[in-house]
Amino acid sequence: MSARQIHLGLLAQPFGDHPAAWLKSRAPLNAAINIDYYREVAKLAEQGLFDLFFIADTPATRTDNLSVHSRNPEYNDRFEPITLLSAIAGATRYIGLGATASTSFYEPYNVARLFASLDHISHGRAGWNIVTSANDYAARNYGQDKLPPHDQRYQRAREFFQVVSSLWDTWEDDAFPYDRQQCTYFQPEKYHLTDHHGEYFNVHGGLNIARAPQGHPVIIQAGSSETGKAFAAETAEVVFASDPNLPAAQKFYADVKGRLPQFGRLPGSLKILAGLSVVVGESKAEAQDKYQELQRMLHPDVGLMRLGQDLEADLRGLPLDEPVPESMIPAKANFHQAYFEQIASMIREQKLTLRELYSRYERGKVTLCGTPSQIVDHMIEWTESDAADGFMLSFHLVPDDLADFVQKVVPEMQRRGVYRKNYHGNTLRDHLGLARPSNRHVGTVSE
Ligand SMILES: Cc1cc2nc3c(=O)[nH]c(=O)nc-3n(C[C@H](O)[C@H](O)[C@H](O)COP(=O)(O)O)c2cc1C
């Protein structure tokens, strides 16, 4: 039996995902808004035969603590993702192009149109990460004081998805013959109106673009709450997991895949990519040194801010070198439940000082420092033991750590027979081994 093939996505961040990366990276200083640089990074990932190049997003700046945020490039200087991916599409040929768009702020028609357009522009490489969003900064840009409660956001997301997927089936695949001789641009009988009247949306119309090359762009989801997992099992084709260790990842994998039969879905119709940050070295110690060098550059204000944000607690003013009191843990979270739980359990179980806590907390991923061979061992262990179908890679330092991965780890994966040597198809669905959805109206009688 041939070895299980590993899928790879890149969580693309201009300097890297470490908050101190911009202080050390050899990326241009304006990397976050430098399209030429972004194209080079995407091409590097494509050289590494990645399935997916992915842009995360929150449509907001921070509006407070600006003096702390001024030390961190993360939130306040970035491209709108679909615009960015459209520009990258022209510089790449195979790699999938995924982005986040929030169901809490956008309208389904906008999202359906944006991703259908990106799918055409990229010849079938688009993926939509459905998020319900997890902060009030963005809410305030869209007429809301704060985000609605968690379950309500998911109710809206479910209805949002129904409308988007219906709009993607507006046209049958062959609805546009573009026939000059017959003067027939499209065939009216192959048009299907969406007439949706629900709790959150009223949409009467159709999408003004031919059906996407992939039928539907690939649906991605990353919620790990109960509601998030239920929604993923119903709708998602790729799930970004964020478990800190193998048993937790196996549990999540079994849980999400185990929910698929109730929606008539097979296990292979949903791929789980585990978050993984990789630092490559000639030896494990060398890789650890590289990582520690960045950790030492982390400004305490930024460390505290990142921690406080995910714990939903204000940690400023607490002594840095004393254990964090359990009384600081709020009763429940409204934003990222998985991140919240991770920090809460570190406080309860590891009794870390505040400085240790912010230095060790990793947002939804595992950092692996090692040689190419050790890194591939880890990846194979996870995929062979049903903890993941692949990895959502992020790199502390871009482009260097990504280049190391492409040049040193990818050949080792290929040597062990767990990774492709060429792209075998052109679309994101091809790379992931996902079926192209047929149009729901084909084979049915339309009015
Ligand atoms: C790899 C990865 C990428 C993510 N990208 C985004 C993003 O771009 N925007 C966002 O608001 N949340 C993003 N998230 C967060 C999840 O979608 C988040 O867990 C979810 O919004 C909260 O839902 P939950 O309470 O069901 O876990 C990402 C998570 C992961 C693991």
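Higher on the page you've got the structure.
Before going into details, it helps to say that this report is about the structure given with it. (Residues numbered from 1 in each chain as written. Predicted model: local features only at pLDDT ≥ 70, side-chain atom pairs only at ≥ 80, totals over all residues. Heavy atoms only, no water.)

**Remarks on unusual backbone geometry**
What counts is decided by this rule: Note on conventions: DSSP H or I runs of at least 4 residues are helices, E runs of at least 2 residues are strands, and numbering of each starts at the N terminus. Each residue is placed in one exposure class: buried if its accessible area under a 1.4 Å probe, protein chains only, is under 20% of its type's maximum, exposed if it is over 50%, and partly exposed if it falls in between.
The amide bond that connects V398 to the next residue, P399, takes the cis arrangement and shows omega of 5°. Residue position: P399 is located in the loop between β11 (390-394) and α15 (400-415). At H123, a position not held by glycine, the phi torsion is positive, near 55°. As for its placement among the helices and strands, H123 is situated in the loop between α5 (108-121) and β4 (126-131). The exposure class of H123 is exposed, given its relative accessible area of 61%. At E312, a position not held by glycine, the phi torsion is positive, near 60°. Along the chain, E312 turns up in the loop between α11 (300-311) and α12 (337-350).

**Some details on the environment of D151**
To be explicit about the condition: Polar contact is defined as a pair of N or O atoms within 3.5 Å, subject to the rule that within protein one atom must be able to donate a hydrogen and the other to accept it, and that residues adjacent in sequence are counted only when both atoms are side-chain atoms.
Of note, D151 is situated in helix α7 (residues 150-168). Along the chain, D151 and T132 lie 19 residues apart, while their C-alpha atoms are 9.8 Å from each other. A polar contact of 3.2 Å, which involves the side chain of D151, links it to the side chain of T227.

**Quick word on the pairing of strand β6 (residues 202-205)**
The side chains of a regular strand alternate, first on one face of the sheet and then on the other. What counts is decided by this rule: At least two DSSP bridges between two strands are needed for those strands to be called paired.
Only one face of β6 is buried, namely the one carrying V203 and G205, since none of N202 and H204 on the opposite face is buried. In this structure, strand β5 (residues 194-197) lies alongside β6, joined through four bridges in antiparallel fashion. When the sheet's bridge partners are listed, D195 is paired in β6 with H204. The antiparallel pairing of β5 with β6 creates a hairpin that spans four residues between the two strands.

From the geometry alone we can't say anything about function, so treat these as descriptive.
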